[in-house]
Amino acid sequence: MEAIQGMEVFAIGVVIILFMAVLKQFGILEPMSSFEDSSDSDLELSTVRHQPEGLDQLQAQTKFTRKELQSLYRGFKNECPSGLVDEETFKTIYSQFFPQGDATTYAHFLFNAFDIDRNGSIRFEDFVIGLSVLLRGSVTEKLNWAFNLYDINKDGYITKEEMLAIMKSIYDMMGRYTYPCVRDDAPSEHVDKFFQKMDKNRDGVVTIEEFIETCQKDENIMNSMQLFENVI
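Residues numbered from 1 in each chain as written. Predicted model: local features only at pLDDT ≥ 70, side-chain atom pairs only at ≥ 80, totals over all residues. Heavy atoms only, no water.

The chain is annotated in an unreviewed UniProt entry as Calsenilin-like isoform X3 of Parambassis ranga. The UniProt entry for the chain carries this comment under Sequence similarities (unreviewed entry): "Belongs to the recoverin family." UniProt lists a comment for the chain under the heading Subcellular location (unreviewed entry), and it reads "Cell membrane". (UniProt positions renumbered as here; feature names shortened; annotations may be inferred.)

Below, the structure written as C-alpha cells:
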C-alpha cells in the first residue's frame, strides 16, 4: 500500500491491526490451545475494583464463545488486576510498543472509542464488546465502530477537523516508517480529498449514512474489513 493512496483504508484497518498487535504483545490475547477447556466454569473472579458481568450475559452480547471469553478475561485480568484500564495505562502500552513515535494522541482516541460509558476507564465488558465488533462483527457494525472513532466529540457527525486529527495521530505514531517518506502536509491533503468524497451533500460534515455508503462502495476498504476475522 502506498503511503498516500489508500490511507483511508490504513486509517480504519490500523485500528484493528495495532490493537490486536498490542494485545498479543502484552499477553491479553493468548492462543486458545494454551488454556484448558473449562467451559463448564464461569469467569474466574479475584479481588478487583470492578467485577465483570456474568459469562452468559457477555456471551449473549458478543460473538465470542464461552471458552473464548474465559481466555480473554484471564489475559485481561493478568494485565489489569483492578478490572479497569485507565487512559494513562493505554498510553503507556502504546508508547512502549511504538517507542520511536508519538502514540499518545492515537491511544487517546482509541481509548475513547472503547470507553463506552465515557467514565474514564475501560471495563472488561467494554473491551470484549468492542473486540467482538472488530473481529466478528458485520461490515456495517465495523464501520459503525470506525465512525465512532472518527466522531471525536460524539455528536453524530464527523468534521474535517476530526478526520484530520485521527489521521495526524496515525502519522505521528507510524508516519516516519512509511516508504516513501511522506511530507508534513500529506495528512491534510489526503483528508481534503477523502472528506470531499464522503461529504456527498457538501454540508461540511459526514453523517453515519454517508460514511457507511462511501466505505461500502470502496473495494479496498471492504477488503480491509475482512482481513481481521478469525484472529482468535
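Once the structure has been displayed, the description carries forward.
Asks: Lay out the UniProt feature "domain: EF-hand" (unreviewed entry) in the chain with the relevant residues and their values.
Replies: Those places that UniProt annotates as "domain: EF-hand" (unreviewed entry) correspond, in this numbering, to residues 102–137, 138–173 and 186–221. The span residues 186–221 is 69% helix and 6% strand, and its two end C-alpha atoms sit 20 Å from each other. (Helix = DSSP H or I, 4+ residues; strand = E, 2+ residues; numbered from the N terminus.)

Asks: An account of helix α5 (residues 104–114) is requested, with residue identities and associated values reported.
Replies: Among the eleven residues of α5, eight are classified as buried, and the element is accordingly described as predominantly covered. All of the buried residues along α5 are Tyr106, Ala107, Phe109, Leu110, Phe111, Asn112, Ala113 and Phe114. (Buried < 20%, exposed > 50% of the residue type's maximum accessible area, 1.4 Å probe, protein only.)

Asks: Can you break down the environment of Glu141 residue by residue, with the values?
Replies: Looking at where Glu141 falls in the secondary structure, it is placed in helix α7 (residues 139–150). For the pair Glu141 and Ile212, spaced 71 residues apart in sequence, the C-alpha separation works out to 9.8 Å. Once residues lying within four places of it in the same chain are set aside, the contact partners of Glu141 are Lys63 and Val133. (Contact = heavy atoms within 4.5 Å.)

Asks: I'd like a description of the packing of helix α8 (residues 160–174) against helix α9 (residues 186–198), backed by residues and values.
Replies: For the pair α8 and α9, the least separation of the axes is 9 Å and the interaxial angle reads 140°. Our classification of the angle between α8 and α9 gives oblique. Judged by the twist between their axes, the crossing of α8 over α9 is right-handed. Where α8 abuts α9, its residues Lys160, Met163, Leu164, Met167, Lys168 and Tyr171 lie against Ala186, Pro187, Ser188, His190, Val191, Asp192, Phe194, Phe195 and Met198. Broken down by class, the residue content of the contact of α8 with α9 amounts to ten nonpolar, two polar and three charged. (Axes fitted to C-alpha atoms, helices over the stretch in contact; angles between N-to-C directions. Parallel < 35°, antiparallel > 145°, perpendicular 65-115°, else oblique. Left-handed = near helix turned anticlockwise from the far one by under 90°. Nonpolar A, V, L, I, M, F, W, Y, C, P; charged D, E, K, R; others polar.)

Asks: Describe the confidence of the model for the chain, with residues and values.
Replies: Residues with a pLDDT of 70 or more make up 70% of the chain, whose mean pLDDT is 77. Scored below 50 in pLDDT, residues 1–7 shows 15 contacts in the model against residues more than four places distant or in partner chains. Every residue in residues 31–41 scores below 50 in pLDDT, and together they form 17 contacts with partners more than four places removed in sequence or on other chains. (pLDDT = per-residue confidence, 0-100.)

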